[in-house]
Amino acid sequence: MTSEITIIGGGLAGLTAAIACAEGGARVTVHEAHRTLGGRARSTAAPYIANDGTHVFYSDGEPWRWMAARGLVQPFRRPTLGELVRFRFRHGDRLTSAPPWPLMRAITAKRRLRAPVEEDFRTWATRHLGEEAMRAASGLVGVITYDADPARLSAAFVWERILRAAAPQYPAPRYVVGGWQRVVDRMAAHARGLGVRIETGARVDRLSEDTPVIVATSLDAARTLLGDGSLRWESGRAVLLDLGLTRHPKDVFVVSDLDEGGFLEQYSLPDVSLAPTGHALVQIEMPVRRDESKAEAVARAERLADLGLPDWRERTTWRREATANGRSGALDLPGLSWRDRPAIDRGNGVWLAGDAVAAPGLLSEVSSHSALTAARAALHAVGAHVPA
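Residues numbered from 1 in each chain as written. Predicted model: local features only at pLDDT ≥ 70, side-chain atom pairs only at ≥ 80, totals over all residues. Heavy atoms only, no water.

A. View of the overall build of the chain. Within the chain, the secondary structure is distributed over 13 helices and 16 strands. Projected onto the principal axes, the alpha-carbon positions of the chain cover approximately 60 × 50 × 40 Å. Pairs at least 24 apart in sequence give 72% of the contacts found in the chain among residues at least 6 apart. Accessible surface computed for the chain: about 16,600 Å², of which carbon and sulfur atoms make up 50%. Side chains of the chain give 49 positive and 45 negative charges; the mean places of these two sets differ by 4 Å. (Helix = DSSP H or I, 4+ residues; strand = E, 2+ residues; numbered from the N terminus. Contact = heavy atoms within 4.5 Å. Areas by Shrake-Rupley, 256 points an atom, 1.4 Å probe, with all protein chains shown as cover. Lys, Arg positive; Asp, Glu negative; His and termini not counted. Charge placed at Lys NZ, Arg CZ, Asp CG, Glu CD.)

B. Structural context of unusual backbone geometry. The omega torsion across A46 and P47 is 15°, close enough to zero to call that bond cis. Within the secondary structure layout, P47 lies in the loop between strand 2 (27–32) and strand 3 (57–58). Look at the link from Q74 to P75: it is a cis peptide, with omega at -5°. One non-glycine residue with positive phi stands out, namely D291, at about 65°. In this fold, D291 is placed in the loop between strand 13 (279–287) and helix 11 (294–308).

C. Broad picture of the packing of helix 1 (residues 12–23) against helix 13 (residues 364–381). At a minimum axis distance of 8 Å, the contact between helix 1 and helix 13 shows a crossing angle of 35°. For helix 1 against helix 13, the interelement crossing comes out right-handed. On helix 13, the residues touching L12, A13, T16, A17, A20 and C21 of helix 1 are S364, S367, S368, A371, L372, A375 and L379. (Axes fitted to C-alpha atoms, helices over the stretch in contact; angles between N-to-C directions. Left-handed = near helix turned anticlockwise from the far one by under 90°.)

D. Layout of helix 1. For helix 1, built from 12 residues, the straight-helix expectation of 16 Å at 1.5 Å per residue is met to within 8% by its first-to-last C-alpha distance of 17 Å. Of all 12 residues in helix 1, 11 are buried; the element is thus mostly enclosed. Every buried residue of helix 1 is accounted for by L12, A13, G14, L15, T16, A17, A18, I19, A20, C21 and A22. G25 lies just past helix 1 and shows a positive phi near 95°. (Expected span 1.5 Å × (residues − 1). Buried < 20%, exposed > 50% of the residue type's maximum accessible area, 1.4 Å probe, protein only.)

E. Representation of the sheet that holds strand 10 (residues 237–246) within the structure. Pairing is mixed in the open sheet, where 7 strands are placed in the order 6-5-11-12-13-10-14. Strands with a single pairing partner mark the edges of an open sheet, and in this sheet they are strand 6 (94–96) and strand 14 (316–325). Direction aside, the axes of adjacent strands within the sheet are offset by 20° on average. Examined bridge by bridge, strand 12 (residues 263–266) and strand 13 share 4 bridges and lie antiparallel to one another. For L264, the partnering residue across the bridge sits in strand 13 and is I284. Relative to the sheet, helix 11 contacts strand 5 (87–91), strand 6, strand 10, strand 11 (254–257), strand 12, strand 13 and strand 14, its axis offset from that of strand 13 by approximately 130°. (Pairing = 2+ DSSP bridges.)

F. Local environment of the packing of helix 4 (residues 101–109) against helix 6 (residues 131–140). At a minimum axis distance of 8 Å, the contact between helix 4 and helix 6 shows a crossing angle of 80°. Compared by their axis directions, helix 4 and helix 6 come out roughly perpendicular. Contact residues: P102, L103 and A106 in helix 4; E132, A133, A136 and A137 in helix 6. Taken together, the residues of the contact of helix 4 with helix 6 break down into 6 nonpolar, no polar and 1 charged. (Parallel < 35°, antiparallel > 145°, perpendicular 65-115°, else oblique. Nonpolar A, V, L, I, M, F, W, Y, C, P; charged D, E, K, R; others polar.)

G. Examining the side chain of E265 more closely. Note that E265 resides in strand 12. Not counting the four nearest positions on each side in its chain, E265 is found in contact with Y175, F253, V254, L281, V282 and Q283.

H. A look at the sheet that holds strand 4 (residues 76–77). With antiparallel pairing, 3 strands are arranged side by side in an open sheet as 3-7-4. Unpaired on one side and paired on the other, strand 3 and strand 4 mark the two borders of the sheet. Note: strand 3 against strand 7 (residues 173–176), 2 bridges, orientation antiparallel. By the bridge assignment for strand 7, Y58 is matched with P173.

As structure tokens, this is what we get:
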């Protein structure tokens with residue numbers, strides 16, 4: 001082993017691992033197959049700066065604190081009271097300013113309940129929270145799971161995400177000014193400042209046997225690269241609909257779709273830099289049902305726009321559609337937890353990092369946690385300093 005560490009993948013996980021390894025004194029090279037860095041953290045170019053999905057950082061997680069300590073997410077915006085009063089819930093195909101009482105009671109009076117790993121959320125929640133609360137709670141986490149039926153998942157997995165999303169303290173979401181691409185750019189600049197060599201357009205088809213390697217790609221890509229058919233895990237599938245609109249004073253800030261698990265957010269409300277003056281950027285997510293076509297799912301996403309954005313079709317100046325298929329992070333089925341996902345340590349000086357491996361956290365936090373775990377292991381392997 002040498003003090004060199006190779007990282008394959010230049011997304012959020014790969015750049016996190018690169019910075020952590022470089023801080024430990026290792027010589028680091030990052031290979032990114034695409035011409036641009038960022039992976040699913042990329043954003044579109046102006047005039048409408050849209051993330052690759054309904055992204056947000058949570059300030060109550062350790063990954064946010066790690067990035068903030070290095071100046072990677074500043075400046076950022078918090079939801080203001082004026083924005084929060086424009087938060088709506090879809091329930092019974094109408095918008096309300098508060099969730100239904102059974103859901104409200106579940107996320108307040110029942111917070112101390114511990115959900116089991118072995119049982120599905122539908123069965124457990126119906127028994128402890130009631131059927132109406134179970135259905136509404138399942139809709140609430142649609143944006144976190146990108147799954148049309150999250151009630152089929154492990155009760156522990158779903159309940160943990162409900163409690164994080166509905167935490168009683170001041171809302172934890174943070175909006176990085178300029179979109180997630182700004183974070184990617186800062187991470188790359190910070191890594192280069194630490195001496196990291198970053199090569200884009202550099203696809204790797206074979207691992208080096210001379211240096212430790214952190215594979216920070218999707219599980220699909222890692223499965224091919226490592227020739228390991230076990231690298232599979234459940235993930236979600238959803239359509240994404242992004243809209244650039246002329247601004248309207250009655251446009252909502254957020255619609256949390258308790259009926260169908262969709263989500264609509266006007267990202268340019270907390271961050272005006274994401275859209276031209278007088279315009280708004282709205283991003284919508286809708287989980288795809290079994291045997292449903294993309295067009296049918298997009299039509300359901302448009303229904304959210306109908307409810308929250310008056311005359312949006314006449315005001316549309318930009319539109320983008322996409323499908324997020326199996327790239328929305330790990331989903332844990334009954335009987336499984338994050339500890340059962342593909343292990344970070346693959347042996348023989350190879351480690352995995354990404355949002356579908358054995359690390360805790362919510363959404364992108366899994367990528368960050370696994371990257372830092374892999375970096376510590378790689379540094380230890382080369383005899384370098386392992387930061388606390």
